[in-house]
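Read off the chains here:
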Amino acid sequence: MNSSPSSTSCSSSSATQQQPPSINHVPDLGGANEMDRVADHTFRSYTLKNNASVGNKRSGKGTAIVWFRNDLRVLDNEPLYKAWLSSQTVLPVFCVDPRLFSTTYHFSFPKTGALRAQFLVECLADLRKNLMKFGLNLLIQHGKPEDILPSLAKAFNAHTVYAQKETCSEELNVERLVSKGLQQVVIPSGESNSSTNSNNFPKLQLIWGTTLYHIDDLPFDAGSLPDAVEAKCAIRPCIKLPALLGPPPLVEDWGCLPSLEKLGLSSQNVSKGMKFVGGETAALSRVYEYFWKKDLLKVYKETRNGMLGPDYSTKFSPWLASGSLSPRFIYEEVKRYENERIANGSTYWVLFELIWRDYFRFLSVKYGNSIFHLGGPRKVQQKWSQDKILFESWRDGRTGYPLIDANMKELSTTGFMSNRGRQIVCSFLVRDMGIDWRMGAEWFETCLLDYDPCSNYGNWTYGSGVGNDPREDRYFSIPKQAQTYDPEGEYVAHWLPRLQTIPKEKRNFPGNLYIRQIVPLKFGRLQSDNKSHGARRTNDRRWNRN
Ligand SMILES: Cc1cc2nc3c(=O)[nH]c(=O)nc-3n(C[C@H](O)[C@H](O)[C@H](O)COP(=O)(O)OP(=O)(O)OC[C@H]3O[C@@H](n4cnc5c(N)ncnc54)[C@H](O)[C@@H]3O)c2cc1C
Ligand SMILES: Nc1ncnc2c1ncn2[C@@H]1O[C@H](COP(=O)(O)OP(=O)(O)OP(=O)(O)O)[C@@H](O)[C@H]1O
């Protein structure tokens, strides 16, 4: 493997910027060199040994395209492996699709906020670098995949376009359009790869790849998921790659990484809290840091409900969502940790959480677009408010409840919020404010670095009581949550510095020392409050101030 990649044709906009000292880089391994060492070491352990027999496996002809989507990695990337097997030359491509930078469906928020866009640019820079280590490169094209891929297939006489299968309608529409576009392309005779393509046009080969469990291995039809999420089936091993995937085809211009300005966004520096580093190198480094260097996996179950700092939970989600990290690689690392260090409830629990992630992905297959609809999969009829003032106070962290405001400020400043925080702010928006849950979900879609349609809309429908599981009433009482998860007010004082001068026990309940509460709570009484806040309130429109 060539570990010193040659330079790209244009400069990367992801150059490391000077960051204020209050920033926690995730991962924080002491610089790019150590991250590169970790990634190279990991790649080596997942490289096929014995060059001769590896070479024999490659029986294909012509060119195959790998269309990178939410699978921005080299390790355990089946489309990449299949493209290599079926061809003599692999052309890796990423299309910067303008639709990803338009607006959300109902409420016209930015579809991708600046922080996630920056994370994506870093992922692409890193993917290009890692593909170069394997003797390839990444072609970056600006435009719609259905326009770009057929014309590339034509120009390179590609017999197949390999890509990861998606499950939500926006992505499925693009798949359909790409497939249709490819059918208009004629492959000259002799270029078609008979083992993979009997047609005379390039084929779109979609491969399942986002989950821990492979959809084909489930002991039940994904369209009839049982209640239990824990599939009783084996997890496939990670795909190993040969050390060299090249040579790449001759390409005059491999294309530039997009600048945020080109994407129509103003760049946003993280001024406080966690700064996630995009890309597979950082993803592998975070696994190494969390499991091996800091040895935190063995206490995950006790710490996972925290809210402050990088280490209470794995923080794998932004890399999982962009596909810079394979869930099967995490699984194999957990098993290695269990063999070499300790197996306990915490080591199991990380896998259990990954199964939740799978669960929401499979639900999107089962329930289709209903996970995006107001009534959810159960078609719940309920009145919701779209009160702009209430929503904006939630969005901007001005509700008068420090726990809500701190979490919402963390989200807009860093693109991340803990799972605990997400559940609390979701419950507050939909239950205490009675606001249309889709407004919250779309704001999360804008802001989250780890935005994933299935996990996001799945969790929002679940938290709003319109999901497929009606059994639980997911009301989170703010006083109770604050007392349990932020008893010293450390978290709220971090994000709302004006609370730092208030005695610790009062920080979550500061009364007149903080801004006015915009709505009373539906259930529960605040410690500092002896008026009518205990009154039960249904989703009436009392608080509408349009
Ligand atoms: C309203 C709401 C919206 C959410 N939106 C998203 C989203 O868009 N993308 C996303 O990845 N997660 C989402 N989650 C799930 C969860 O909050 C994050 O995955 C988690 O906080 C990420 O932090 P972590 O990687 O440190 O998680 P850890 O606690 O370390 O868990 C490990 C991994 O398990 C998975 N996981 C954990 N909890 C969940 C869960 N409830 N649902 C699905 N997967 C889970 C994630 O992939 C996570 O990286 C949402 C949760 C809520 C309540
Ligand atoms: N990847 C995604 N991210 C966010 N939203 C998505 C994604 N994929 C699909 N959607 C959502 O799916 C929905 C599809 O639109 P819509 O619900 O109108 O289609 P439909 O199922 O045909 O229903 P209808 O009968 O109401 O038209 C939209 O809300 C859209 O935002």
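Bear in mind the structure is a predicted one, so any value in this text is a computation, not a measurement.

(A) Structural detail: the confidence of the model for the protein chain. When pLDDT is averaged along the protein chain, the result is 90, and 87% of the positions lie at 70 or above. Counted against residues more than four places away or in other chains, residues 526-546, with its pLDDT under 50, gives 49 contacts.

(B) Just the pattern of salt bridges, in detail. By the definition in use, this model includes 33 salt bridges. Here Lys129 ties to Asp126 by a salt bridge, and the two come within 3.8 Å at their closest N and O atoms. Residue Lys129 and its partner Asp126 are located together in helix α4 (residues 114-133), separated by three residues, close to a single helical turn. In this structure Lys129 comes out as partly exposed when scored by relative accessible area, which is 26%. A salt bridge links Arg438 to Asp436, with the nearest nitrogen and oxygen atoms 2.7 Å apart. Through salt bridges with shared partners, a single ionic network connects Asp36, Asp40, Asp126, Lys129 and Lys133.

(C) Focus on the site of ligand 2. The environment of ligand 2 is made up of 13 residues, and the closest members are Tyr105, Glu171, Asn369, His373 and Tyr451. Separating a nitrogen atom of ligand 2 from a side-chain N or O atom of Glu171 is a distance of 2.7 Å. Here a nitrogen atom of ligand 2 and a side-chain polar atom of Tyr451 are 2.8 Å apart. Against a free-state accessible area of 610 Å², the protein chains account for coverage of 68% of ligand 2.

(D) Representation of the pairing of strand β3 (residues 89-96) in the model. Of all the eight residues making up β3, eight are buried; the element is thus mostly covered by neighbouring parts of the structure. Burial along β3 is two-sided: Thr89, Leu91, Val93 and Cys95 and Val90, Pro92, Phe94 and Val96, pointing in opposite directions, are all buried. Where strand β2 (residues 63-68) meets β3, six bridges bridge the pair, whose relative direction is parallel. When the bridges of β3 are listed, Thr63 appears paired with Thr89. For the crossover that starts at β2, traverses helix α3 (residues 78-85) and ends in the parallel β3, the hand is right-handed. As defined by bridge partners, β3 adjoins strand β4 (residues 139-142) across four bridges and the pair is classed as parallel. When the bridges of β4 are listed, Cys95 appears paired with Gln141.

The rules behind each value
- Residues numbered from 1 in each chain as written.
- Chains lettered and ligands numbered in written order.
- Predicted model: local features only at pLDDT ≥ 70, side-chain atom pairs only at ≥ 80, totals over all residues.
- Heavy atoms only, no water.
- pLDDT = per-residue confidence, 0-100.
- Contact = heavy atoms within 4.5 Å.
- Salt bridge = Lys/Arg side-chain N within 4 Å of Asp/Glu carboxyl O.
- Helix = DSSP H or I, 4+ residues; strand = E, 2+ residues; numbered from the N terminus.
- Buried < 20%, exposed > 50% of the residue type's maximum accessible area, 1.4 Å probe, protein only.
- Near = heavy atom within 4 Å.
- Polar contact = N/O pair within 3.5 Å; in protein donor to acceptor, adjacent residues only side chain to side chain.
- Areas by Shrake-Rupley, 256 points an atom, 1.4 Å probe, with all protein chains shown as cover.
- Pairing = 2+ DSSP bridges.
- Right-handed = clockwise from strand over helix to strand, strands pointing away.

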